[in-house]
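A closer look at the structure
One-letter residues, chain by chain:
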Amino acid sequence: DAGVTQSPTHLIKTRGQQVTLRCSPKSGHDTVSWYQQALGQGPQFIFQYYEEEERQRGNFPDRFSGHQFPNYSSELNVNALLLGDSALYLCASSSPTEMNTEAFFGQGTRLTVV
Amino acid sequence: DQQVKQNSPSLSVQEGRISILNCDYTNSMFDYFLWYKKYPAEGPTFLISISSIKDKNEDGRFTVFLNKSAKHLSLHIVPSQPGDSAVYFCAATGNTGGFKTIFGAGTRLFVKA
C-alpha cells in the first residue's frame, strides 16, 4: 500500500517563475491538504481539497492555487515566485468520513527560489 | 496568530529517562489533538492523538495528557531512546470554521546515549 507520494523531491526556480507540485494521496483517502514548512517553523496550512473543490484555505495569497483530480491526486501551483516562497511543501491526505483523524504526510518537495 | 504554541525549541534528555514535550493552544474550538514526529528529509509521521473528551491516552512508551481548562497538552516518552531523537510537532483540529489542522513550531528532542 503506497503512502502519500510527492513529486518532485527537490526543485530550484528563479524569482518570478511559476511552479507546480504534485501529490498522490494514500490509498482510500480522498482529502488532500497542502502545507508550507519554512525553516525552523511548523507546517503552515495552505488549503485543503475534497471532491475536486477547495474546501478550506489558510492565510496565503492568491498566487497559491491548487487542483484536485477525479483520482484524488492534487497539484499545488505557485505563480510569481518570491524568494520567501523557498520552503518544504508538504502534502497530507486523510479521510473526511472521520473528521478527527490523523493525516498522512508525504516526504515533501523542497522548493528553492533564487 | 499562533493558535498552537510549543515554547521549547529543543530538549535534551538522557537515554532511559522521561522526555516531556509541552504544547499550549488558544482556540477553545479545538477538540482533537495530535503529535507528529519528523526526521530530517522525511514528512511528519503520526505518533499519538487525544480527543477532548479524554484527559489521557497511552500507546506503549508514549502518553499524551490533556488539560482542557489550562488549554495545555503534553507528550511523555518513557523510557526515552536515541531513536526518539527528532522534531516533535503538536497539532490541533476541530470545527473552527473548518477542519484544518494547525501545527505548532515544533520541539527538537535529543536523546543522548
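Residues numbered from 1 in each chain as written. Chains lettered and ligands numbered in written order. Predicted model: local features only at pLDDT ≥ 70, side-chain atom pairs only at ≥ 80, totals over all residues. Heavy atoms only, no water.

**Some points on the state of the cysteines**
All names here are of chain A. Evaluated as defined, the whole model comprises 2 disulfides over all chains. For Cys-23, the disulfide goes to Cys-91, at an S-S distance of 1.8 Å. Note on the Cys-23 and Cys-91 pair: the S-S dihedral is about -60°, so by sign convention the disulfide is left-handed. Of this pair, Cys-23 sits in strand β3 (residues 19-24) while Cys-91 sits in strand β9 (residues 87-94); the two residues are 68 residues apart in sequence, bridging distant segments of the chain. (Disulfide = S-S within 2.5 Å. Helix = DSSP H or I, 4+ residues; strand = E, 2+ residues; numbered from the N terminus.)

**Quick notes on the packing of aromatic side chains**
Scanning the entire structure with this criterion turns up 12 aromatic pairs over all chains. Where A:Tyr35 meets A:Phe105, the ring centres are 5.6 Å apart and the plane angle is 50°; that geometry is what we call tilted. In this pair, A:Tyr35 is assigned in strand β4 (residues 31-37) and A:Phe105 in strand β10 (residues 104-105), connecting sequence segments 70 residues apart. An angle of 65° between the planes, with centres 6.3 Å apart, marks the rings of B:Tyr25 and B:Phe30 as edge-to-face. Assessed through its relative accessible area of 6%, B:Tyr25 is described here as buried. Here A:Lys26 stacks its cationic end above the ring of A:Phe104, 5.0 Å away from the centre of that ring. (Phe/Tyr/Trp six-rings, centres within 6.5 Å; stacked < 30°, edge-to-face > 60°. Buried < 20%, exposed > 50% of the residue type's maximum accessible area, 1.4 Å probe, protein only. Lys NZ or Arg CZ within 6 Å of the ring centre and 35° of its normal.)

**Points about a nonpolar patch on the surface**
On the surface, a nonpolar cluster with roughly 220 Å² of combined accessible area is contributed by B:Ile18, B:Ile20 and B:Val78. Topologically, B:Ile20 is positioned in strand β3 (residues 19-25). (Patch = residues over 30% accessible without salt bridge, like charges linked within 9 Å, V, L, I, M, F, W, Y side chains within 5 Å. Areas by Shrake-Rupley, 256 points an atom, 1.4 Å probe, with all protein chains shown as cover. Salt bridge = Lys/Arg side-chain N within 4 Å of Asp/Glu carboxyl O.)

Honestly, that's just the spatial picture; any functional story needs more than this.
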